[in-house]
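Structure assessment
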Number of protein chains: 2
Amino acid sequence: MKVSRKHVFLGTFISSKSPQELEYLHDAAICVDDNGQIAKIDKECKTVELVQNVLLKTLEWTTDEVDIHVAKPGQFYFPGFIDSHVHAPQYPNAGIFGKSTLMDWLETYTFPLESSLKDLAKARRVYTACVRRSLAHGTTTSSYFATLDVAATNLLADLCLSLGQRAFVGRVCMDYHPMCPEYYRDESAQDGLDKTLQTIQHVRGIDPNFSLVSPILTPRFAPTCTTESLKGLASIQREMDLPVQTHVSENDGEIALVAQLFPESSSYTGVYDDCGLLTPRTILAHAVHLSEAEAKLIAQRGSKVSHCPCSNSSLTSGAARVRWMWDRGITVGLGTDMAGGYSPSILEAARQAALVSRHVAMGMKDGDPDRERTKLTVEEVLYLATRGGAAVVGLEGKVGGFEEGMEWDAQLIELASVDDEGGNVSGDGGNVDVFGWETWEERMAKWLYGGDDRNTKEVWVKGRLVHSRR
Amino acid sequence: MKVSRKHVFLGTFISSKSPQELEYLHDAAICVDDNGQIAKIDKECKTVELVQNVLLKTLEWTTDEVDIHVAKPGQFYFPGFIDSHVHAPQYPNAGIFGKSTLMDWLETYTFPLESSLKDLAKARRVYTACVRRSLAHGTTTSSYFATLDVAATNLLADLCLSLGQRAFVGRVCMDYHPMCPEYYRDESAQDGLDKTLQTIQHVRGIDPNFSLVSPILTPRFAPTCTTESLKGLASIQREMDLPVQTHVSENDGEIALVAQLFPESSSYTGVYDDCGLLTPRTILAHAVHLSEAEAKLIAQRGSKVSHCPCSNSSLTSGAARVRWMWDRGITVGLGTDMAGGYSPSILEAARQAALVSRHVAMGMKDGDPDRERTKLTVEEVLYLATRGGAAVVGLEGKVGGFEEGMEWDAQLIELASVDDEGGNVSGDGGNVDVFGWETWEERMAKWLYGGDDRNTKEVWVKGRLVHSRR
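Criteria and thresholds
Residues numbered from 1 in each chain as written. Chains lettered and ligands numbered in written order. Predicted model: local features only at pLDDT ≥ 70, side-chain atom pairs only at ≥ 80, totals over all residues. Heavy atoms only, no water. Helix = DSSP H or I, 4+ residues; strand = E, 2+ residues; numbered from the N terminus. Rg over C-alpha atoms; globule rule 2.2 N^0.38 Å. Buried < 20%, exposed > 50% of the residue type's maximum accessible area, 1.4 Å probe, protein only. Contact = heavy atoms within 4.5 Å. Areas by Shrake-Rupley, 256 points an atom, 1.4 Å probe, with all protein chains shown as cover. Lys, Arg positive; Asp, Glu negative; His and termini not counted. Charge placed at Lys NZ, Arg CZ, Asp CG, Glu CD. Least-squares fit on C-alpha atoms with pLDDT ≥ 70 in both. Expected span 1.5 Å × (residues − 1). Polar contact = N/O pair within 3.5 Å; in protein donor to acceptor, adjacent residues only side chain to side chain. Buried area = accessible area lost by both parts, 1.4 Å probe. Salt bridge = Lys/Arg side-chain N within 4 Å of Asp/Glu carboxyl O. UniProt positions renumbered as here; feature names shortened; annotations may be inferred. Pairing = 2+ DSSP bridges. Axes fitted to C-alpha atoms, helices over the stretch in contact; angles between N-to-C directions. Phe/Tyr/Trp six-rings, centres within 6.5 Å; stacked < 30°, edge-to-face > 60°.

1. Quick word on the overall build of chain A
Across its full length, chain A carries 15 helices and 20 strands. For 470 residues, the compact-globule estimate of 2.2 N^0.38 gives 23 Å, and chain A sits close to it at 22 Å. Referenced to the eigenvectors of the C-alpha coordinate spread, the extents of chain A come out at roughly 70 × 55 × 40 Å. By residue count, 66% of the 470 residues in chain A fall in the buried class. Taking all contacts inside chain A whose residues are at least 6 apart in sequence as the whole, residues at least 24 apart take part in 71%. Only carbon and sulfur atoms are counted for the fraction: they give 48% of the accessible area of chain A, which is about 15,500 Å². The centroid of the 47 positive side-chain charges in chain A is displaced by 1 Å from the centroid of its 63 negative side-chain charges.

Quick look at the structure:
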């Protein structure tokens, strides 16, 4: 998918160098070729004149094939966010969960809405609204659970491609009859596998190399799947080398149920491993209550975890231990988990990841040497939102940072400025008021804790402008 | 303070009937007189014609002295929010706290900024931005901590009056030398009391009956105050019947320090009681780690608690137990506690109160009969944000609800609508997408969990329009 133009971006670029450190490049230039790839990062090229007279010549690019974008003072480019776990069909239910917990929430709120999206007009309306909102919040890659319906799932893939969001789109498999409602389940394991193959074929038809949209194998979670279904999906995974997404260890009741349904497996994680689904390309959402043995198994297999703090707090599931998982060698990213989570924003997920890590710390004993370090910093949660997420969805080295050879998935951020009288210079530029004396580190903290989609002025995916705001 | 016009509002009005129940009045009319007081609520008057031909005649109001406001379908009026604990001078630090906890946060971030606001130009800039943001978020009443500086504190009172926010404005007292930094402390207890009296006199000068702005006695907290100072403030309290605000039992280290500094008192709460400051007009912020005895004492004295969930999570202070306090007869409202809290929004505080209550529940044992009811509902946190807060600041019966005789402190809320194609009908109307099939209860849940200041289209205080948005 060629984009028609080359681009040079001039200004401030901020991205994660490591979980502990953000790198600030000021007065720099990033050159993006017509494949959406970063061709060059120049730390010395500070002006449009230098771009035109020096930089373009080095690249052998001509002025007329390049658009030059100059960020205003105070604005900065940041890597696009990665939402490594989100249910597109549940978008209309964001915020609606009452006092439910996982299993009754599924029955009361989730299955009826998901099932209703076999109506393609409704699916188009919901999916369009969901993908647009997600892009507006700076999410350049999403790993979507769709529904059981093939046509609606294919439609979600079409919409991601046309709206320009990098996406993994999964047709949900759930075939274990006693657990799945009669009105919303696969007829058999084979029926689920066949339908999965239909969606894979569809995505291959619209994006043959999966360069923007990819299928993803999506057993809902162990309680709704027969071992036949899980093993069948594992076999497709091995054959086609596709990614996998599912849920693990979200809620105590669910864990007890899995132990009852799969007595021969050593643990919830063990169920997936026994069926061949614990691969380096597997995204496990939640992982709140992992045992040491499960954490070790996940790390050994190289599977990844999507941490969904908004959802875990909303549904009273628990508080996942990011530091604990990192210490055990597990790769972690963030998920909104709409509509278990109430927000389409990965910035909100990052904020809640920081707050939830403090609740984890507060639950630890005084004097526990790990208590203080359990708390996640601004830098660490922004890493989870970008590089962490990229690694979780298997796109590390391709998106999540600014490096030559990576693709230009980025957002332009602007914070509001307070004038001398205490008014707002920037009009309705969101809630983050910058007084002017703040360090860049402080501005990042203010953005994390007070920012929203109003601060995201432009969103780019693979060199294409997919969202902009006045 | 007369406002020049009478008003009739037509549309949907939603307010807390009790902590458990929101009352929905559809197609109703609320009449507000030129003192900003609700003169009549008419549940049958559904049209402008009926207002003009029937309602106004009943009230003996003429058409030309009345403005009639008709809410659009889907919009609703909600009582203005009450922020029962907020530090105006710390506004620029919202979101900036690193990994600090209470005591090092005060030293590192808070005292230097507060002290710098003796520069009145800076104070004007910061306070104007703070009050404006607070109003834009629908906060019609704030209980402000200012700084030690008399002139800057008086300026905050002036600004609240001119911008139209109902406010309690407290000049901060801190005179205990070893605990207060040399650059930011009262010279003596008497110095602090004298300066407090100066601010009281100033407020009396600008608003003689404290009808919009009131002084509030503000010992920072026990560790920064001598008993002489605390007792002196108690004596002013008795003499002038003024409200009091301070902090209690926020953080473990602080509690240990208080025990060490006040060995003769039975508890942290006991320190205030021993000095005569535990009155029915006293607002105690935080109250995270209260003992049973302290809760009993607070309930007996009729003192109130401002729950500040954003702050408590950010500073790793703990998770306050709202249900537990309610069960013990304590009146509770919400505080943003900027900049311990990262947001000026009471809607955000309400959202976090719901989430934090789930963390409290998750910390309880399985099978604990109180576990489930510990979780706060949408209705309960919206009650805390309005009626609860009104009771905490001593304005119950005056603001926080819609009743004849109460004052018109209200906000007009509008949620965004999704069109048939999945686009947004309302332009940049915030993040809450309404698809049209949601019940009113579901809309309230979506507003609580996804709403922001963009949904607050108008804000009224005492019958005066103090903020509007396109």
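Having seen the structure, we can now continue with the description.
2. Observations concerning the relation of the copies chain A and chain B
Superposing chain A onto chain B requires a rotation of 180° together with a translation of 0.0 Å along the rotation axis, leaving an RMSD of 0.0 Å. Look at the turn and shift together and you get a two-fold axis relating the two. The residues that chain A uses at the interface reappear at the interface of chain B in 100% of cases, marking a shared surface.

3. What to know about helix 4 (residues 150–163) of chain B
All names here are of chain B. End to end, helix 4 covers 20 Å across 14 residues, agreeing with the expected 20 Å (1.5 Å per residue, within 8%). Helix 4 sits mainly inside the fold: 11 of its 14 residues count as buried. Taken as a whole, helix 4 has its buried residues at Val 150, Ala 152, Thr 153, Asn 154, Leu 155, Leu 156, Ala 157, Leu 159, Cys 160, Leu 161 and Leu 163. Contacts from the buried residues of helix 4 go to helix 3 (120–136), strand 7 (139–145), strand 8 (166–170), helix 5 (189–206), strand 10 (213–215) and strand 20 (464–468). Between the side-chain oxygen of the N-cap and the backbone nitrogen of Ala 151 there are 3.3 Å, and the N-cap of helix 4 in question is Asp 149.

4. Overview of the interface of chain A and chain B
By convention, interface size is frequently given as the accessible area that disappears when the constituent parts associate. Chain A puts 66 residues into the contact, and the matching count from chain B is 67 residues. Surface buried jointly by chain A and chain B totals about 5,200 Å² across both partners, of which 52% is contributed by carbon and sulfur atoms. Counting across the interface, chain A meets chain B through 6 salt bridges. The partner of Asp 453 of chain A in a salt bridge is Arg 454 of chain B, and the shortest N-O contact between them spans 2.8 Å. Across the contact surface, chain A and chain B share 36 residue pairs in polar contact (both at pLDDT 80 or more).

5. Considering the UniProt feature "domain: Amidohydrolase-related" (unreviewed entry) in chain A
In the numbering used here, UniProt assigns the feature "domain: Amidohydrolase-related" (unreviewed entry) to residues 77–466 of chain A. Between the first and last C-alpha atoms of residues 77–466 of chain A the distance is 15 Å; the span itself is 42% helix and 16% strand.

6. A short note on the pairing of strand 5 (residues 76–79) of chain A
For a regular strand, side-chain orientation follows a simple rule: the groups alternate between the two sheet faces. Residue and element names in this part refer to chain A. Alternating residues of strand 5 divide into Phe 76 and Phe 78 and Tyr 77 and Pro 79, and every residue in both groups is buried. Relative to strand 16 (residues 410–413), strand 5 runs antiparallel, the two being bridged by 4 bridges. The residue bridging Phe 76 from the neighbouring strand is Ile 413, located in strand 16.

7. Describing the sheet that holds strand 10 (residues 213–215) of chain A
Residues and elements named next belong to chain A. Ordered by their spatial adjacency, 4 strands build an open sheet running 6-7-8-10, and the pairing between neighbours is parallel. Here the strands that pair on one side only, and so sit at the sheet edges, are strand 6 (81–87) and strand 10. Taking each pair of neighbouring strands and ignoring which way they run, the sheet shows an average axis angle of 15°. Note: strand 8 (residues 166–170) against strand 10, 3 bridges, orientation parallel. What sits directly across from Val 169, in strand 10, is Pro 215.

8. Concerning the packing of aromatic side chains
Residues and elements named next belong to chain A. As enumerated under the stated definition, the model contains 40 aromatic pairs over all chains in all. Seen in terms of ring centroids, Phe 81 and Trp 447 are 5.9 Å apart; in terms of plane orientation they differ by 15°. Their pairing is stacked. Residue Phe 81 is found in strand 6, and its partner Trp 447 is found in helix 15 (residues 440–450); the two are separated by 366 residues along the sequence. Neither Phe 81 nor Trp 447 differs from the other in exposure class; each is buried. One aromatic cluster in this structure is built from Phe 9, Phe 13, Tyr 77, Phe 402, Trp 408 and Trp 460.

9. Focus: the side chain of Arg 358 of chain B
With respect to the element layout, Arg 358 of chain B can be found in helix 12 (residues 346–362). Buried charge Arg 358 of chain B goes without a salt bridge, the closest partner of opposite sign being Glu 372 of chain B at 7.3 Å. Engagement of the side chain of Arg 358 of chain B in a polar contact is seen with the backbone oxygen of Ser 314 of chain A, the distance being 3.0 Å.

10. Here we look at the pairing of strand 12 (residues 244–248) of chain B
With 5 of its 5 residues buried, strand 12 of chain B lies for the most part within the structure. Residues Val 244, Thr 246 and Val 248 of chain B line one face of strand 12 of chain B and the alternating positions Gln 245 and His 247 of chain B line the opposite face, and both faces are buried.

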